[in-house]
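# What the coordinates show
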Amino acid sequence: MSSLAAAVRTGHVGTSTLARSLGLVFGVALLLLLLSNWLGSYHELQLADGAYYFAALAGLSVLIGLSGQISLGHGAFMAVGAYAVMVLVGHGWALLPAICAAAAVCVVIGVPVGAAASRLRGPYLAGATLAFAVGLPALADRFPATLGGENGLTINPPAVPAWLGANFSLEEWQAWIACAGALVVLFVLYNLVHSGIGRSLRAGRDDEIAASLCGLNVARQQTAAFTISAGCAGLGGGLYAAVLNLATPSAFSVTLSLSLLTGVVVGGLGSLAGAAWGAALLVLLPTWTTSLAGSLSLNTNVQGNLPFAIYGVVLIAVMLAWPTGIHGGLRAAARFVSTRRRRR
Amino acid sequence: MLRLDGLTTDYGAVRALVGVSISVEPGSVTAVLGANGAGKTTLLRTISGLVRPAAGTVSFEGLDITRARVEDIVRRGLAHVPEGRGVIGELTVEENLRLGGLHNRATAAKPAEIYAMFPRLEDRRTQPATRLSGGERQMLSIGRALVARPKALLLDEPSLGLAPRIVAQIMSLIRHFADSLGLAVLLVEQNAASALSIAHRGVVLNLGRVVADQSPERLLGDEQLRHHYLGF
Amino acid sequence: MTNFIDLTLSGVTSGAVYAAVALALVLIWRATRIINFAQGAMLMLTTYIASAVITSTGSYVIGFGAALASGLLLGALVERVLIRPVENAPELTAVIVALGLYTVLISLAGMVWGATPRAFPPAFSIRGYDIGGTHVLFAPNDTFIVLVVVAIAGILALLFRFTSLGLQLRAAAFNSEVAQLLGVRVGRMFTVGWALAALTGAVAGVLVAPSVFLAPNNFDPIMISGFVAAVLGGLDSPPGAVVGAMLLGLALSYVGGYAGTALVPIAALVVLVVVLMVRPTGLFPTTSERRV
């Protein structure tokens with residue numbers, strides 16, 4: 001976050017970007033407000049789910065798309081965020097400070113992890129973060145007293161503030177909390193992506209050696225990108241805790257990290273709008289498969305695994321269709337168009 | 001034996017070859033010359049199938065090999081010694097040679113025959129190819145190309161990085177193989193003088209196009225051409 | 001209460017299993033420069049198939065054979081259909097395809113066989129030997145595991161070093177373009193490489209299944225350990241994979257015995273990070289510097 005402040009000070013973030021991001025955030029906030037007013041309880045929770053997924057996905061998308069670093073461990077960061085909120089609220093903290101603290105914890109953890117990650121190339125980084133994702137949930141068993149073991153931890157649902165009136169539903173309040181967090185992420189990342197920092201990240205991703213020859217400290221920037229995305233995932237985890245009020249190790253398994261990966265790949269790596277699409281996918285697909293399973297009378301084994309089977313197929317299909325990644329596909333298309341124009 | 005007709009190849013966004021037509025007869029050496037980036041390497045890579053042309057045809061012994069697979073083209077008797085020698089460093093000298101003949105075990109030359117041509121290689125037969133000097137590697141790469149008893153040989157800058165004395169040796173060897181084995185040789189070189197000294201024909205490429213296709217004497221005699229495209 | 005000797009012996013056994021997985025990963029890395037993140041899921045599938053065959057025929061040997069055969073087939077199929085299109089694409093593409101495959105296979109197994117862990121029969125007795133009056137926690141089945149892995153590693157080594165097929169496989173792996181120019185059917189070699197790797201992985205699955213039980217996600221830890229072992233040994237080095245696996249097997253056994261089994265996955269992660277930070281090319285490096 002300090003690099004963002006410094007960027008603003010040195011003018012790397014243009015004031016127009018800042019203004020645009022604020023406009024965007026207010027616009028989206030208004031939209032969400034109207035939406036949540038209109039939705040019933042079940043869909044409020046879906047909106048809330050989408051919001052915390054967005055927080056994690058946006059960070060991951062920026063990480064992979066902009067800085068070229070893949071992480072399979074963001075599910076673990078969400079776990080850290082969720083458990084942090086659980087433990088703090090369990091010790092008497094209020095929800096808002098707890099969520100902020102959760103994000104901060106993940107930022108702090110993200111620094112050494114990000115520093116290590118910046119030194120690793122693609123598949124090695126994938127392997128290391130995968131090991132992180134597999135190993136971290138096991139810790140809950142190691143410290144069952146504080147972390148609740150297999151059964152996890154629970155907290156009481158957040159109390160709806162009095163000034164919203166007696167008829168304001170809990171689900172809508174939870175949706176508001178989650179959306180507020182998502183909007184914070186949107187604001188921060190929009191400014192990051194559209195600033196000089198974003199450009200430097202892209203330069204470092206595309207050609208590390210050329211970028212460092214231009215004076216960019218690629219490793220430091222990649223660490224910063226990793227740290228910020230970890231913070232976003234942690235925030236997402238904290239929001240998860242606020243909405244679901246329950247955190248278990250099995251909810252944050254490798255499957256979650258892979259679901260997040262699917263979300264960003266489908267939505268478009270490096271794109272914040274894409275992260276929103278990815279969030280919609282992660283929320284709506286399981287619902288759709290459940291109803292599909294119901295109408296086809298598929299047994300519970302099939303039904304439970306169907307969303308993930310689809311994620312896997314989607315990952316494969318998208319990568320086979322666009323081997324250079326969606327981003328690369330867009331670049332290739334742009335080049336194709338421009339060479340066409342040149343030949344005329 | 002080897003005919004290129006209107007060959008046009010793209011290299012990324014750049015058009016590397018434009019309408020190249022060349023014909024190479026058995027038992028002759030055709031030198032392909034030109035500055036860096038003229039398209040010489042792309043030419044060889046298109047012929048051997050590593051790169052697909054955008055237009056034009058390549059035919060070998062009357063057969064259209066334009067869209068054939070590399071392995072199939074090689075099995076038909078066309079050998080390509082690529083830029084940078086094309087030896088597999090992690091394998092020994094003998095393994096590199098054996099590899100050249102695996103697809104045609106019945107008729108392939110035994111390593112012993114290659115050692116007869118290149119005695120230096122026999123001394124190093126069990127050493128990994130990375131330990132060889134530049135000249136030895138060039139001998140190995142030509143040797144392993146000959147193991148399959150090819151009918152055509154494509155050579156990409158064999159003189160690169162070699163001392164003049166070794167270059168002269170290699171060049172005379174190439175001419176010797178063309179004459180004695182009846183090979184159709186297409187020799188890409190930046191060292192125009194040494195290439196023209198053994199060639200029967202010289203083709204000059206510039207920005208992907210053929211700008212001259214003559215006997216070595218005529219090429220060497222044309223001062224303007226020499227200056228412009230060959231740099232001497 | 002945990003006996004150092006027992007931990008050492010069990011470390012050798014798990015090291016043997018990791019070695020098989022690591023060899024599979026190294027084979028694929030050397031051939032196609034891809035880390036097969038779906039290896040664990042692939043060997044999970046072949047083990048389920050073996051289990052089904054054992055149940056229906058009552059014969060362990062036929063089941064073992066079924067695992068080998070399905071491994072060969074699965075490896076070849078995956079390479080031909082999924083990996084071939086992305087062999088020349090940026091690294092991340094192949095990583096994501098492999099992860100997608102992992103997800104599909106795990107879900108598929110869950111759909112067909114459910115998540116409840118099943119028992120898998122060991123080949124031999126799992127009751128530890130009694131040596132000179134002391135009972136050790138090393139059983140005939142563990143001897144079997146180690147011998148099988150040694151045999152597989154030996155057969156692969158002989159294949160690569162002394163056969164024409166092995167020469168072609170190595171050539172295609174070291175420099176596929178030059179190999180093509182020498183008439184080697186490089187695509188076919190990649191398929192064979194993946195098939196052999198999947199075969200090796202299938203062996204690991206069948207060997208380890210009795211102790212971890214058969215469930216879709218139960219093979220993830222050995223996949224991670226196999227990966228760490230391969231990195232530790234040097235991704236380009238099959239002997240390195242075996243050595244790395246043995247060292248890792250012993251290390252993780254001690255960690256599990258003295259610090260608790262929940263810390264084993266974290267310990268593997270720590271080893272991985274240390275190796276990647278300190279000596280990324282592993283114990284037996286063979287690759288060259290990146291040319292600028």
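Residues numbered from 1 in each chain as written. Chains lettered and ligands numbered in written order. Predicted model: local features only at pLDDT ≥ 70, side-chain atom pairs only at ≥ 80, totals over all residues.

Moving on to the overall build of chain C. Summing up its helical and strand segments, chain C has 11 helices and 2 strands in all. For chain C, the N- to C-terminal ordering of α and β elements is α-α-α-α-β-β-α-α-α-α-α-α-α. In terms of C-alpha radius of gyration, chain C reaches 19 Å, essentially the compact-globule figure of 19 Å for 292 residues. Looking at chain C residue by residue over its 292 residues, the buried ones come to 56%. Counting only contacts in chain C whose residues sit at least 6 apart along the sequence, the fraction spanning at least 24 positions is 72%. (Helix = DSSP H or I, 4+ residues; strand = E, 2+ residues; numbered from the N terminus. Rg over C-alpha atoms; globule rule 2.2 N^0.38 Å. Buried ≥ 20, exposed ≤ 12 C-beta atoms within 10 Å, placed from the backbone. Contact = placed C-beta atoms within 7 Å.)

If you tally the helices and strands in chain B, you get 10 helices and 10 strands. Relative to a compact globule of 232 residues, whose C-alpha radius of gyration would be 17 Å, chain B shows 17 Å and is just as compact. Taking the principal axes of the C-alpha coordinates as reference, chain B spans close to 50 × 40 × 35 Å. When each of the 232 residues of chain B is scored for burial, the buried share is 47%. Considering only residue pairs separated by 6 or more positions, chain B has 69% of its internal contacts joining residues 24 or more positions apart.

Facing 40 residues of chain C, the contacting portion of chain A comprises 40 residues. Elements with a minimum of two residues in the side of chain C that touches chain A: α4 (91–113), α9 (220–233) and α11 (264–278) of chain C. It is α4 of chain C that provides the largest number of residues to the side of chain C that touches chain A, a total of 15 residues. When grouped by side-chain class, the residues that make up the side of chain C that touches chain A number 31 nonpolar, 7 polar and 2 charged. (Nonpolar A, V, L, I, M, F, W, Y, C, P; charged D, E, K, R; others polar.)

This part covers helix α4 (residues 74–90) of chain A. Residues and elements named next belong to chain A. Across its 17 residues, α4 extends 24 Å between first and last C-alpha, which sits within 8% of the 24 Å expected from 1.5 Å per residue. A large share of α4 lies buried, amounting to 16 of its 17 residues. Positioned one or two residues after α4, Gly92 has a phi angle of 105°, which is positive. (Expected span 1.5 Å × (residues − 1).)

It is worth spelling out the packing of helix α3 (residues 41–67) of chain A against helix α12 (residues 218–244) of chain A at this point. Residues and elements named next belong to chain A. In the contact formed by α3 and α12, the axes pass within 9 Å of each other and the chain directions differ by 170°. The angle between α3 and α12 falls in the class roughly antiparallel. For the contact of α3 with α12, a count of residues per class yields 21 nonpolar, 5 polar and 1 charged. (Axes fitted to C-alpha atoms, helices over the stretch in contact; angles between N-to-C directions. Parallel < 35°, antiparallel > 145°, perpendicular 65-115°, else oblique.)

Take the sheet that holds strand β4 (residues 55–60) of chain B next. Residue and element names in this part refer to chain B. Strand order in this open sheet of 4 strands is β2-β1-β4-β5, and the pairing throughout is antiparallel. Among the strands making up the open sheet, the edge pair consists of β2 (14–24) and β5 (63–64). Relative to β2, strand β1 (residues 2–11) is paired through 7 bridges, and the arrangement is antiparallel. Among the inter-strand pairings, Asp10 is bridged to a residue of β2, identified as Arg15. (Pairing = 2+ DSSP bridges.)

Turning next to the pairing of strand β6 (residues 78–81) of chain B. All names here are of chain B. Every second residue of β6 is oriented toward a common face, with Leu78 and His80 on one face and Ala79 and Val81 on the other, all of them buried. Alignment of β6 against strand β7 (residues 152–156), held across 4 bridges, turns out to be parallel. Of the residues in β7, the one forming a bridge with Val81 is Leu155.

This part covers the pairing of strand β3 (residues 28–33) of chain B. Residue and element names in this part refer to chain B. Where burial is concerned, most of β3 is hidden: 5 out of the 6 residues are buried. Relative to strand β8 (residues 184–188), β3 is paired through 5 bridges, and the arrangement is parallel. The residue of β8 that forms the bridge with Thr30 is Leu186. The pairing of β3 with strand β9 (residues 201–206) spans 4 bridges and is classified as parallel. Counted as the bridge partner of Thr30 is Arg201 from β9.

Our next topic: α12 of chain A. Here α12 of chain A is 27 residues long and its end C-alpha atoms lie 38 Å apart, about the 39 Å a rise of 1.5 Å per residue gives. One or two steps after α12 of chain A, the chain reaches Asn245 of chain A, where phi turns positive at roughly 60°.

When pLDDT is averaged across chain C, the result is 89; 97% of the residues are at 70 or more. Quick note on the complex model: pTM equals 0.84, ipTM equals 0.87. (pLDDT = per-residue confidence, 0-100.)

On to the nonpolar core. Among the nonpolar cores identified, the biggest contains 285 residues, and Ala19 and Leu105 of chain C are the most heavily contacted of them. Among residues more than four places away in sequence, those in contact with Ala19 of chain C are Val149, Ala153, Ala229, Ala241, Val242, Ala245 and Met246 of chain C. (Core = buried A, V, L, I, M, F, W, Y, C linked by C-beta atoms within 7 Å.)

Residues and elements named next belong to chain B. Pairing in this open sheet of 6 strands is mixed, and the strands run β6-β7-β8-β3-β9-β10 from one edge to the other. Bordering the open sheet on either side are β6 and β10 (209–214), each of which pairs with just one other strand. Averaged over all pairs of adjacent strands, the angle between their axes in this sheet comes to 15°, without regard to strand direction. Here β7 pairs with β8 via 5 bridges, running parallel. Within β8, the residue paired with Leu155 across the bridge is Leu187. Its contacts with the sheet put helix α10 (residues 223–230) on β3, β9 and β10, and the angle it makes with β9 is roughly 50°.

What follows concerns the packing of helix α1 (residues 4–32) of chain C against helix α10 (residues 238–259) of chain C. All names here are of chain C. Running from amino to carboxyl end, α1 crosses α10 at an angle of 140°, the nearest separation of the two axes being 7 Å. Overall, the two elements α1 and α10 adopt an arrangement that is oblique. Between α1 and α10 lies a crossing whose hand is right-handed. By residue class, the composition of the contact of α1 with α10 is 16 nonpolar, 9 polar and no charged. (Left-handed = near helix turned anticlockwise from the far one by under 90°.)

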